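Geometric and topological summary
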Amino acid sequence: MNRTILPILGTLSLAITLQAIPGYAQNFEALEYRNVGPTRGGRVTAVAGTVQAPGTFYLGASGGGVWKSTDYGTTWNNISDGYFASPSIGDIAASQTDTNVLYVGTGSDGLRSNVIPGKGVYKSTNGGDTWTHVGLKKSGHIGAVEIDPRDNNVVWVAAIGSAFADNEERGLYKTENGGVSWEKSLGISDAVGIADVELLPNNPDVVFAAAWKARRQPWTIISGGTQEEGGLFKSVDGGDSWRRISEGLPSGLIGKIDIAISASDSSVVYALVEAPGEEGGLYRSSDQGETFTQVSSAKGIRIRPFYYGNVEADPTDPNTVYVMATDYFKSVDGGASWEELEPPHGDNHDMWINPDDPQLFIQANDGGANVTHNGGLTWSSQFNQATTELYTVDVDDQYPYWLYAGQQDNGTTIAVPSRVPYSVQNDNAWLIEAGGCETGPAVPKPGDHTTVYANCKGRFSVFNKETGTERSYYVGATNMYGQNPKDLKYRFQRVAPVAVSPHDPNVVYHGSQFLHRTSDNGVTWETISPDLTAFEADKQVVSGSPITRDVTGEEVYSTLYSIRESAIAPGVIWTGSNDGPVHVTRDNGDSWSDVTPRGPKGGRVDSVEPSYHDPAVAYVAVLRYQLGDDKPYAYRTSDYGKRWTLMTDGKNGIPADYPVRVVREDPVRPGLLYAGTDSGLFVSFDNGDSWQSFQQNLPVTPVTDIRIYRDDLVVSTMGRAFWVLDDISALRQAPMPSMGEGVTLFEPAETVRYRQRPSYKGRDPKVVPQYRKPSAIIDYFLPADVDGLVTLEITDADGNVVNAFSSVDDSDPDNQGELLDNMALNEVRYIKRSGLTTKEGVNRFHWDMRYRGPWQENEKRRFTGGALATAGTYSVTLTVGGESFTQPLNIVMDPRVLNAGVTEAQIQAQLQIHREVLELLDQARRTAHSLESELEELADADTERRGVLEAAIRQLVTEEGTYMQPRLISQLSYLSRMLDQADQEPGGEARTRFAELSAEYASVMASLDG
């Protein structure tokens, strides 16, 4: 069967050809993603523990879901995947009377511009093994969840509400039946939510709630309002009635408030208050919250309250109090003075203290969660949580290729390999720095992966991976922090785009409100466009009102956000801005056209994607959830932007509340599109007319960027690190996706002949990073009700069988699939492999590129460990029900091996002697097994034959014991391993030794004949 690639068609004809595809939604379960890390934690916004199990802790990430540790933070495992519709966690409440009961409020309370909306409250009654959604779906962001210590079915939820729009669901909610129903206990208005709720420890009918007017807009953060729009409230009757507490608290503008109550003295109540000037800070009450006194206005404890602003009281000492902000503060005198703790990372958000041992607590920050046993002197690692938040993804041209991105709140951008590049003692050693800073991007230079074009909040640099140094060439060379955007000559977003021309690796584009270009690594820049943004004057403001100024570049509006030059038409460049406009130039920047799609005004153009097949075709994704609009917006054009078609109407596959962040086109098959949304990944085979989920095992988290590279789908996420889907070549081939009722064997992608150094400890495939073993991936489609065995055979260019496999026959467990006895015979021999599956739909098999291995008595290892095949063209034949299907498989050399001076002729020689060694090993093992069987059946009287057999076995098999002399079979295994360590010219000693062992085997066989 020949490989079929769909022809290049115009947009209209392609849509007509594939219009029937929606009826053939394919199951892609066999195509699984690999999480390649890194495992350094991302932002954690909520933590919890339970006194009933002191080693058990929970963390809630801003985009990574809920994780659990049962060993004091030594290891973490996600427990929310498959249950939560949102990975953004606002708070976790763990019952202190029943370790099985958990409540989680989704929607982080740190209202950054990229905060991920929540989807309500979840409950578990088995320690997080399973979850049930228990309502408040439209609560937006949840600041706190509190369980009544008397009854685990009585729960309070503080709903901040939607971060980007007013909504009636803002308020304080209570359930008395475990979430079956909820009652709004306190509501101020559609613009005011509840940031925190606390219960009096010895009388939970006494409840405190903090009201907060908060609203995120792309150009500013509104935090706080009048006394009527915020403040502290108290109920003494379980929420039936409320009164405002104001004595001693700020009397003017008031913003976010966080509350803490001392468990050892419930008359002591702390309130961390956002207010203007020196009025902001920590307040303390000694009369159960009736009156307050300000105890500290220290600047450090009131930084960026919309993002931090968390206070926690020690459960055993009313004078010990903690505040989490950029730094982590502790006071032992009720807030009068402060010392700084030193967790593994800064930007601190939450903590939980064990009431039986206040030296044992868990703490959350922008680098993950960490546990301490000694009050903060030492901490558990953060390199065990794959909750990394990534803004984009780029790849280099190494073998294997590496992935690059900006990681939220990391000192630099980062890079990790797509698969094992070389041996290290710890997989975390493969996480390297790549220049710039947390926002990125980091774009490796084509042809020179040691050079990385990087960005840090609008500051362009050129990073040298060999020296670790970074040359800085900032456009405008102006510090933007603290400035009104309207006063800036060049406006840069924190995630300012950098793009390399696909036609010249020395040409780099960079975006402010203008498009800038350099051809000398940034030493000189030219501006090649006018202002390509909407530039609405009323949105060029100092961010942060009405109380706290917050000008970090995150809210700079009217800047470019995405840049791409056509890969097939030099000088055709597309741009998208964070305030809506899309522009294109067809003459290398001499003139520009505003080609913004008609639709709702504004929105961030997260991605522009010129087609690989037609220069007039392009795709854009517009993100509008930051304007309060959760609808998906992805468009295509076939005439350079004169007309656009909306590809996401909410009814054609991508749900109506899944904002789209990125659309990428397959570089091989026209009209094959991939879309990354806030809730996962989708694929379209008909140019966006219809979509289907392409999620498989990918967790629900925002997909921030996609690359299609070397037949792989490469994905970055905002909360779950990098993922790689190996070999998507099957998606490019007809009849995919409408497979019908027949069998299809897809042509495998070109496979690089990687050799992975064996390790003493096998890798756990579930441990992140997940690096697959070298293999050729073979995909095939099977219809329903396949009868009998399915077989797969690999032959070389001369038709010789290299290896062959059959599916496992559950009805005949004794049949191991071995058909012939002599390995030297060039005939088909099938080895049963559970990996050769027979499920209805797409199946995937990994061939390790090795010849059939020698016989072993251990059935599970039998015929494994063969010689590694050389580069060349092979044939793959799939046989189902007596019908066979054949495709070519091309294996190519690892370029690193050739660069090291090893020739293909040397590898052929290595293969030849290695196969000879393994063939002799096969014969020796079979002979030994046969002799041992004969010896067991031999009559006791036949002492002469017994002596002959025992002597032969002693020469073949190493005697059991400690450090016994290795005999022939062990010596052959040793020689085989020597020949299988690396690609090399076989040494003379190996040849000499093989001749000796061959003669020794011949002598053994001769002794048996005598």
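Residues numbered from 1 in each chain as written. Predicted model: local features only at pLDDT ≥ 70, side-chain atom pairs only at ≥ 80, totals over all residues. Heavy atoms only, no water.

A word on the overall build of the protein. A count of helices and strands for the protein gives six helices and 66 strands. Taken against the 2.2 N^0.38 rule, which gives 30 Å for 1010 residues, the C-alpha radius of gyration of the protein at 32 Å falls within 12% of a compact globule. Principal axes of the C-alpha set define a box for the protein whose edges measure 110 × 75 × 55 Å. Buried positions account for 60% of the 1010 residues belonging to the protein. Across the protein, contacts joining residues at least 24 apart in sequence account for 57% of those joining residues at least 6 apart. Carbon and sulfur atoms provide 46% of the accessible area of the protein, an area that totals close to 38,100 Å². Counting 86 positive and 133 negative side-chain charges, the protein places the averaged centre of each group 4 Å from the other. (Helix = DSSP H or I, 4+ residues; strand = E, 2+ residues; numbered from the N terminus. Rg over C-alpha atoms; globule rule 2.2 N^0.38 Å. Buried < 20%, exposed > 50% of the residue type's maximum accessible area, 1.4 Å probe, protein only. Contact = heavy atoms within 4.5 Å. Areas by Shrake-Rupley, 256 points an atom, 1.4 Å probe, with all protein chains shown as cover. Lys, Arg positive; Asp, Glu negative; His and termini not counted. Charge placed at Lys NZ, Arg CZ, Asp CG, Glu CD.)

With that settled, consider the state of the cysteines. Taken as a whole and assessed by the stated rule, the structure comprises one disulfide. Cys 437 shares a disulfide with Cys 456; S-S distance 2.0 Å. Taking the sign of the S-S torsion, about 90 degrees here, the bridge from Cys 437 to Cys 456 comes out right-handed. Linking Cys 437 in the loop between strand E33 (432-433) and strand E34 (442-445) with Cys 456 in strand E35 (residues 448-456), this pair joins segments that are 19 residues apart in sequence. Under the relative-accessibility criterion, Cys 437 is labelled buried at 8%. (Disulfide = S-S within 2.5 Å.)

The next subject is the pairing of strand E4 (residues 65-69). With five of five residues buried, E4 is to be regarded as a mostly interior element. In this structure, E4 lies alongside strand E5 (residues 77-78), joined through two bridges in antiparallel fashion. When the bridges of E5 are listed, Trp 67 appears paired with Asn 78. (Pairing = 2+ DSSP bridges.)

Low-confidence regions, as indicated by low pLDDT, have predicted coordinates that should not be scrutinised in detail. This prediction gives the protein a mean pLDDT of 93; 95% of its residues lie at or above 70. Segment residues 816-826: pLDDT under 50, and 34 contacts once partners within four positions in sequence are set aside and those in other chains are kept. (pLDDT = per-residue confidence, 0-100.)

Before going further, it helps to spend a moment on the packing of aromatic side chains. Inspection of the entire model under this criterion finds 28 aromatic pairs. With 6.4 Å between their ring centres and 55 degrees between their planes, Phe 57 and Tyr 72 make a pair best called tilted. A residue pair is termed long-range when its members are at least 10 positions apart, and Phe 57 in strand E3 (residues 53-61) and Tyr 72 in the loop between E4 and E5 qualify at 15 residues. Under the relative-accessibility criterion, Tyr 72 is labelled partly exposed at 30%. Between Phe 329 and Trp 338, the ring centres sit 6.4 Å apart and the planes meet at 75 degrees, which makes this aromatic pair edge-to-face. Given a relative accessible area of 22%, Trp 338 falls into the partly exposed group. The rings of Phe 28, Tyr 33, Tyr 674, Phe 685 and Phe 694 are connected pair by pair, giving a single aromatic cluster. One Lys or Arg, Arg 112, reaches over the ring of Tyr 307 and ends 5.1 Å from the middle of that ring. (Phe/Tyr/Trp six-rings, centres within 6.5 Å; stacked < 30°, edge-to-face > 60°. Lys NZ or Arg CZ within 6 Å of the ring centre and 35° of its normal.)

So, on to the sheet that holds strand E41 (residues 526-527). Spatially, four strands are ordered E38-E39-E40-E41 in an open sheet, and the strand pairing comes out antiparallel. The two strands at the open ends of the sheet, each matched to only one other strand, are strand E38 (498-500) and E41. Across three bridges, E38 lies against strand E39 (residues 508-511) in antiparallel orientation. By the bridge assignment, Ala 499 is partnered in E39 with Tyr 509.

On to a negative patch on the surface, then. On the surface, a cluster of negative charge is contributed by Glu 741, Asp 785, Asp 787 and Glu 840. Inspection of the secondary structure assignment puts Asp 787 in the loop between strand E60 (776-782) and strand E61 (790-795). (Patch = residues over 30% accessible without salt bridge, like charges linked within 9 Å, V, L, I, M, F, W, Y side chains within 5 Å. Salt bridge = Lys/Arg side-chain N within 4 Å of Asp/Glu carboxyl O.)

Another point: the pairing of strand E52 (residues 673-677). Counting buried residues along E52, five of its five residues qualify, which places the element largely inside the surrounding structure. With burial as the criterion, each face of E52 is covered, one bearing Leu 673, Ala 675 and Thr 677 and the other bearing Tyr 674 and Gly 676. Two strands pair when backbone bridges link them, and E52 and strand E53 (residues 680-684) are joined in this way by five bridges, in the antiparallel orientation. Each residue of the ladder has a partner; that of Gly 676, found in E53, is Leu 681. The hairpin turn running from E52 into E53, its antiparallel successor, is two residues long.

We now examine empty space enclosed by the protein. Here the structure, examined in full by the defined rule, presents eight cavities of 30 Å³ or more. Taken together, Lys 256, Asp 258, Leu 272, Val 273, Glu 274, Ile 301, Arg 302, Ile 303, Pro 305 and Gly 309 make up the lining of the second largest cavity. By residue class, the composition of the lining of the second largest cavity is five nonpolar, one polar and four charged. (1 Å grid on protein atoms, 1.4 Å probe; cavity = no way out; pocket = protein on both sides within 12 Å on 5 of 7 lines; lining within 4 Å. Points joined across faces, edges and corners; volume = space filled by probe spheres on them. Nonpolar A, V, L, I, M, F, W, Y, C, P; charged D, E, K, R; others polar.)

In space, the three strands of this open sheet follow the order E58-E60-E64, with antiparallel pairing throughout. The sheet terminates laterally at strand E58 (744-745) and strand E64 (841-847), the two strands that pair on one side only. By the bridge criterion, seven bridges tie E60 to E64 in an arrangement that is antiparallel. When the sheet's bridge partners are listed, Leu 782 is paired in E64 with Gly 841.

On to helix H5 (residues 968-978), then. Three or four residues apart is the spacing at which side chains of an α-helix point the same way, because the helix has 3.6 residues per turn. Listed in full, the buried residues belonging to H5 are Leu 968, Ile 969, Leu 972, Ser 973, Leu 975 and Ser 976. In a view along the axis of H5, the buried residues occupy a sector of 160 degrees, so they form one face of it. Where H5 is buried, its residues contact helix H3 (904-937), helix H4 (943-956) and helix H6 (988-1009). (Arc of directions from axis to C-beta.)

What follows is about the pattern of salt bridges. Counting across every chain of the model gives 47 salt bridges. Measuring nitrogen to oxygen at the nearest pair gives 3.6 Å for the salt bridge that ties Glu 554 to Arg 112. Here the residue Glu 554 occupies a position in the loop between strand E42 (545-546) and strand E43 (560-565), and Arg 112 occupies one in the loop between strand E7 (102-106) and strand E8 (121-124), the gap between them amounting to 442 residues. The pair formed by Glu 554 and Arg 112 is uniform in burial state, with each residue classed as buried. Across the salt bridge formed by Asp 538 and Lys 539, the nearest N and O atoms sit 3.6 Å from each other. Its relative accessible area of 13% is what places Lys 539 among the buried residues. If you follow the salt bridges from partner to partner, you end up with Asp 394, Glu 609, Arg 664, Asp 705 and Arg 707 in one network.

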